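Geometric and topological summary
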Amino acid sequence: KEFFQLIVRQMFDLNYGMFTYDEETRCFWFSSTALENAREFNLIGKVFGLAIYNSVILDAHFPMVVYKKLMGVKPTLEDLADFAPALYRGLQMLLSFVGDIEDVFARTFVADYDEYGTIKTIELCPGGANISVTEANREEYVELYVKWLLEDSIQAQFSAFSEGFHEVCGGAALRMFIPEELELLICGSPSLDFLALEEVTSTEDGFTREHPLIKAFWEIVHEMSLEDKKKLLFFCTGSDRSPIKGLGSMTFVISRNGPDSDRLPTAHTCFNHLLLPEYTDKEKLKVCLMTAINNSEGFGLM
């Protein structure tokens, strides 16, 4: 799991220029000006496929249209709603506008994009720079713009990504899924039911479900904010999302890690295994647990 965590974090590092990031939607998208060749995007597709093969949830944030394209579904204007909401609203306004479109919008059949700080323009059709958008052709303009944005502008990058993905886990089994299910399979579910997790949790090495410390642990967990619950889940499993069938389908183990001490809780993320020293009281457990989950990566602990 840690391998996938680290490699995915590097893949989506904006410094590599392979993906762009939208602050509004918090989603990544393929960079149309990426300098890397198709081989790198093919490898990323293979990583996504291997994650499914190994039942590892990835911290990947793509809009739904990516999963639709992986399943062979042709993108439409509606796919912009969660990918680029502002653009979607603008194109919808253009389609529904009543009045002189040519005078108000002053658009031609071209698209602008940023290439390392320089605004470039591409024609959406032959001679597009000289064709004004009017009431008669606005639907054609929107159709061509959406096709360019979601397909043509990233054709090389996405094709390589898709090819790598299907090389690992393509076939009849994959065709059983709809795009929404494919996203859940890769990224897990954002719905976190910790009551269900408590029900399926097992204990080892001296702890039992009725042990005072285990009872105190679940009291602390259920009192946490959603953000802290996500941190705890990430600390224990390597992901802050649940499997496709929910936390109740997950194997989770809490073990006694020696007598009371000042050591912090630790975890084996590959096995969803939390190790707790037998702290003397609930307050000490809470302090140590919160310290651990808030400093589980980087250099927070000095």
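Definitions and cut-offs
Residues numbered from 1 in each chain as written. Predicted model: local features only at pLDDT ≥ 70, side-chain atom pairs only at ≥ 80, totals over all residues. Heavy atoms only, no water. Helix = DSSP H or I, 4+ residues; strand = E, 2+ residues; numbered from the N terminus. Rg over C-alpha atoms; globule rule 2.2 N^0.38 Å. Buried < 20%, exposed > 50% of the residue type's maximum accessible area, 1.4 Å probe, protein only. Contact = heavy atoms within 4.5 Å. Areas by Shrake-Rupley, 256 points an atom, 1.4 Å probe, with all protein chains shown as cover. Lys, Arg positive; Asp, Glu negative; His and termini not counted. Charge placed at Lys NZ, Arg CZ, Asp CG, Glu CD. Core = buried A, V, L, I, M, F, W, Y, C linked by side-chain atoms within 4.5 Å. Salt bridge = Lys/Arg side-chain N within 4 Å of Asp/Glu carboxyl O. Axes fitted to C-alpha atoms, helices over the stretch in contact; angles between N-to-C directions. Parallel < 35°, antiparallel > 145°, perpendicular 65-115°, else oblique. Left-handed = near helix turned anticlockwise from the far one by under 90°. Nonpolar A, V, L, I, M, F, W, Y, C, P; charged D, E, K, R; others polar. Disulfide = S-S within 2.5 Å. Pairing = 2+ DSSP bridges.

Some points on the overall build of the protein
- A tally of helices and strands in the protein yields 13 helices and eight strands.
- Taken over the C-alpha trace, the protein has a radius of gyration of 24 Å; the compact-globule value for 302 residues is 19 Å, which it surpasses by more than 25%.
- Counting only C-alpha atoms, the protein reaches 80 × 40 × 40 Å along its principal axes.
- Looking at the protein residue by residue over its 302 residues, the buried ones come to 42%.
- The long-range share in the protein, meaning contacts at least 24 apart out of those at least 6 apart in sequence, stands at 63%.
- Within the structure as shown, the protein displays about 16000 Å² of accessible surface, and the carbon and sulfur contribution to it stands at 54%.
- The average position of the 26 basic charges and that of the 46 acidic charges among the side chains of the protein differ by 5 Å.

Comments concerning the nonpolar core
- Membership of the largest hydrophobic core comes to 55 residues, with the highest contact counts inside it found for Phe48, Phe62 and Phe161.
- Counting residues per element, this core draws most heavily on helix 7 (residues 138–150), which supplies seven residues.
- Beyond its immediate stretch of four places on either side in the chain, Phe161 contacts Phe30, Phe41, Asn42, Ile44, Gly45, Phe48, Phe62, Val66 and Leu70.
- Counting residues in hydrophobic clusters, the runner-up holds 29 residues, among them Cys236, Met250, Met290 and Ala292.

Quick look at the pattern of salt bridges
- Per the counting criterion, the structure on display carries ten salt bridges.
- Ionic pairing is found between Lys282 and Glu223, a salt bridge with its closest N-O pair at 3.6 Å. One end of the pair, Lys282, is in helix 13 (residues 282–294); the other, Glu223, is in helix 11 (residues 212–223), and 59 residues separate them in sequence.
- Classification of Lys282 by relative accessible area gives partly exposed; the value is 30%.
- Counted as one network, the salt bridges with shared partners bring together Glu219, Glu223 and Lys282.

Examining the packing of helix 1 (residues 2–11) against helix 2 (residues 38–53)
- Two numbers describe how helix 1 lies on helix 2: the axes approach to 11 Å, and their chain directions differ by 150°. On the basis of the axis angle, helix 1 is roughly antiparallel to helix 2. As for how helix 1 packs across helix 2, the hand of that crossing is left-handed. Here Phe4, Ile7 and Met11 of helix 1 lie close against helix 2, whose contacting residues are Ile44, Val47, Phe48, Leu50 and Ala51.
- Of the residues in the contact of helix 1 with helix 2, the class split is eight nonpolar, no polar and no charged.

Topic: the state of the cysteines
- Using the criterion set out here, one finds zero disulfides in the structure.
- In this model Cys236 remains outside any disulfide bridge; the closest cysteine sulfur is found in Cys270, 13 Å from its own.

Comments concerning the sheet that holds strand 7 (residues 266–268)
- Taken in spatial order, the four strands of this open sheet run 5-6-8-7, and their pairing is mixed. The two strands at the open ends of the sheet, each matched to only one other strand, are strand 5 (202–204) and strand 7. Pairs of neighbouring strands in the sheet enclose a mean axial angle of 25°, with direction left out of account.
- Bridge count for strand 6 (residues 253–256) against strand 8 (residues 273–276) is four bridges, and the pairing is parallel. Note on strand 8: the bridge partner recorded for Arg256 is Leu276.
- Docked against the sheet, helix 11 engages strand 5, strand 6 and strand 8, running at close to 135° with respect to strand 6.
- Strands strand 7 and strand 8 of the sheet are contacted by helix 12 (residues 226–237), whose axis makes an angle of about 60° with strand 7.

Interpretation note: all reported values are geometric properties and have no functional meaning in isolation.
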